[in-house]
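Now for the letters of each chain:
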Amino acid sequence: MRARLGAIAAVAAAVLLAAFALPRIESAVRRLELPLGDTGVIRRQAAEKHLDPALIAAVIYAETKFEPRPSPAGAQGLMQILPTTALFLAHLSGGVRFTTSDLATPAVNVAYGSYYLRYLLDHYGGDEMLAVAAYNAGLANVDGWVAQANARGERLTTGEIPFPETRAYVERVLAAQRDYRATYPHQLGLE
């Protein structure tokens, strides 16, 4: 009888431990799969540029997974900004001082990337899919695709993006945006 009670108590303890630990383990795994950093910078830039902080986080995730490294094309920092794009943005925003090394600073890089996202969203009337596509493929490409779709009397959809890399990028960013909103609402200031 005593052995049975001990076994039952051990099983009950294991079930309680699993019930307590499982959500924490799932949360830890989720955070490894969907990393988040520099939340203060993201929230500040989202507020200043009137952007969804989850969109900024999703672009960073798609570009670098929050581990900045230079790309083969020369893009730099968390949001993978090309120095030529940053120079364009600096002039567009009225900035007078820009050096390529600034792109290694998360606050500067996210400010430039967020400014560019806002610029693209304004250009495309708030259409996040088009803005994200242009962030990856460039404004000229997306303008051309939109013009072709409009000439057919249609609206460009994700499935009609002719660059497979850009199509996959748009899908990845928009899915990550939903995931960031669901996983990190408090950290991103969404609550």
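Residues numbered from 1 in each chain as written. Predicted model: local features only at pLDDT ≥ 70, side-chain atom pairs only at ≥ 80, totals over all residues. Heavy atoms only, no water.

### Here's the deal with the overall build of the chain
Along the chain, the regular secondary structure elements total eight helices and zero strands. Ordered by position from the N terminus, the helices and strands of the chain form the series α-α-α-α-α-α-α-α. Counting across all 191 residues of the chain, residues that qualify as buried make up 36%. Long-range pairs, those at least 24 residues apart, make up 56% of the contacts in the chain with a sequence separation of at least 6. Carbon and sulfur atoms make up 59% of the accessible area of the chain, which totals about 10,700 Å². (Helix = DSSP H or I, 4+ residues; strand = E, 2+ residues; numbered from the N terminus. Buried < 20%, exposed > 50% of the residue type's maximum accessible area, 1.4 Å probe, protein only. Contact = heavy atoms within 4.5 Å. Areas by Shrake-Rupley, 256 points an atom, 1.4 Å probe, with all protein chains shown as cover.)

### Section: unusual backbone geometry
Only a minority of non-glycine residues have a phi that is not negative, and only a minority of peptide bonds are not trans. Despite not being glycine, histidine 50 has its phi angle at roughly 55°, a positive value. Position of histidine 50 relative to the elements: it lies in the loop between helix 2 (39-49) and helix 3 (53-64). A positive phi angle, near 65°, is found at phenylalanine 66, a position not held by glycine. Residue phenylalanine 66 is classed as buried on the basis of its relative accessible area, which comes to 14%.

### Looking at the nonpolar core
Counting 52 residues, the largest nonpolar core has Ile56, Met79, Tyr135 and Tyr180 as its most contacted members. Looking at this core, the elements that each hand over two or more residues are helix 2, helix 3, helix 4 (83-92), helix 5 (106-123), helix 6 (128-137), helix 7 (139-151) and helix 8 (164-183). At nine residues, helix 3 tops the list of elements feeding residues into this core. With residues up to four places along the chain from it excluded, the contact list for tyrosine 135 reads Val59, Glu63, Met79, Ile81, Gly113, Tyr116, Leu117, Leu120 and Tyr169. (Core = buried A, V, L, I, M, F, W, Y, C linked by side-chain atoms within 4.5 Å.)

### Quick look at the pattern of salt bridges
For the structure shown, the criterion picks out five salt bridges. One salt bridge in this structure joins lysine 49 and glutamate 48, with 3.9 Å as the shortest N-O distance. Between aspartate 52 and arginine 181 there is a salt bridge; the shortest N-O distance is 2.8 Å. Taken together, the residues span a long stretch of sequence, with aspartate 52 in the loop between helix 2 and helix 3 and arginine 181 in helix 8 at a distance of 129 residues. Judged by its relative accessible area of 18%, aspartate 52 is buried. We classify arginine 181 as partly exposed; its relative accessible area is 40%. (Salt bridge = Lys/Arg side-chain N within 4 Å of Asp/Glu carboxyl O.)

### Things to note about the packing of helix 5 against helix 6
For the pair helix 5 and helix 6, interaxial distance at closest approach is 8 Å and the crossing angle is 130°. It follows from the interaxial angle that helix 5 and helix 6 lie oblique. Crossing of helix 5 over helix 6 shows right-handed handedness. Residue-level contacts link Gly113, Tyr116, Leu117, Leu120 and Leu121 of helix 5 to Glu128, Ala131, Ala134 and Tyr135 of helix 6. Considering only residue class, the contact of helix 5 with helix 6 consists of seven nonpolar, one polar and one charged. (Axes fitted to C-alpha atoms, helices over the stretch in contact; angles between N-to-C directions. Parallel < 35°, antiparallel > 145°, perpendicular 65-115°, else oblique. Left-handed = near helix turned anticlockwise from the far one by under 90°. Nonpolar A, V, L, I, M, F, W, Y, C, P; charged D, E, K, R; others polar.)

### Regarding the packing of helix 2 against helix 3
For the pair helix 2 and helix 3, interaxial distance at closest approach is 8 Å and the crossing angle is 125°. The angle between helix 2 and helix 3 places the two elements in the oblique class. Where helix 2 crosses over helix 3, the handedness of that crossing is right-handed. The residues of helix 3 that touch helix 2, namely those facing Ile42, Gln45 and Ala46, are Pro53, Ile56, Ala57 and Ile60. Tallied by class, the residues present in the contact of helix 2 with helix 3 amount to six nonpolar, one polar and no charged.

### Looking at the packing of aromatic side chains
Per the counting criterion, the structure on display carries seven aromatic pairs. With a centroid separation of 6.4 Å and an interplanar angle of 55°, the aromatic rings of phenylalanine 66 and tyrosine 180 are classed as tilted. Here the residue phenylalanine 66 occupies a position in the loop between helix 3 and helix 4, and tyrosine 180 occupies one in helix 8, the gap between them amounting to 114 residues. What makes tyrosine 180 buried here is its relative accessible area of 0%. Ring centres 5.6 Å apart and planes at 25° place the aromatic pair tyrosine 180 and tyrosine 184 in the stacked group. (Phe/Tyr/Trp six-rings, centres within 6.5 Å; stacked < 30°, edge-to-face > 60°.)

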